[in-house]
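Summary of structural features
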Amino acid sequence: MRRFTRLTNGFSKKVENHAYAVAIHYTHYNFCRIHKTLRVSPAMEVGITDHIWTVAEMLAAVGINN
């Protein structure tokens, strides 16, 4: 994740914004992305959800309206 390096334009100047960016990355990685070795998302493998989430579903889960 390029948010951890300061050499890019995408670095976080505030700790709060950095925490939000890491949370979005973590949620997308576990709920929205199909992993090659699992052939499903990690959340599906564990049994938390029964389908791959879209980004809209991910944002709705945290209460952000489109």
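Some details on the overall build of the protein chain
Within the protein chain, the regular secondary structure consists of 3 helices and 0 strands. Each helix and strand of the protein chain, ordered N terminal to C terminal, gives the series α-α-α. Within the protein chain, the proportion of its 66 residues that are buried is 17%. A total of about 5,400 Å² of accessible surface is found on the protein chain, and carbon and sulfur atoms cover 58% of it.

Looking at the side chain of Ser41
Residue position: Ser41 is located in the loop between helix H1 (15-32) and helix H2 (42-46). In this structure Ser41 comes out as buried when scored by relative accessible area, which is 0%. Dropping the residues within four chain positions of it, Ser41 is found in contact with Asn30, Phe31, Arg33, Ile34, His35 and Ile52.

Quick look at unusual backbone geometry
We note that Arg39 has phi near 65°; this positive angle belongs to a residue other than glycine. Looking at where Arg39 falls in the secondary structure, it is placed in the loop between H1 and H2.

Some points on H1
In this model, H1 (18 residues) spans 25 Å end to end at C-alpha, consistent with the 26 Å of a helix rising 1.5 Å per residue. Along H1, the residues that are buried comprise Ala21, Asn30, Phe31 and Cys32. Buried-residue contacts for H1 involve H2 and helix H3 (55-61).

What counts, and where the lines are drawn
- Residues numbered from 1 in each chain as written.
- Predicted model: local features only at pLDDT ≥ 70, side-chain atom pairs only at ≥ 80, totals over all residues.
- Heavy atoms only, no water.
- Helix = DSSP H or I, 4+ residues; strand = E, 2+ residues; numbered from the N terminus.
- Buried < 20%, exposed > 50% of the residue type's maximum accessible area, 1.4 Å probe, protein only.
- Areas by Shrake-Rupley, 256 points an atom, 1.4 Å probe, with all protein chains shown as cover.
- Contact = heavy atoms within 4.5 Å.
- Expected span 1.5 Å × (residues − 1).

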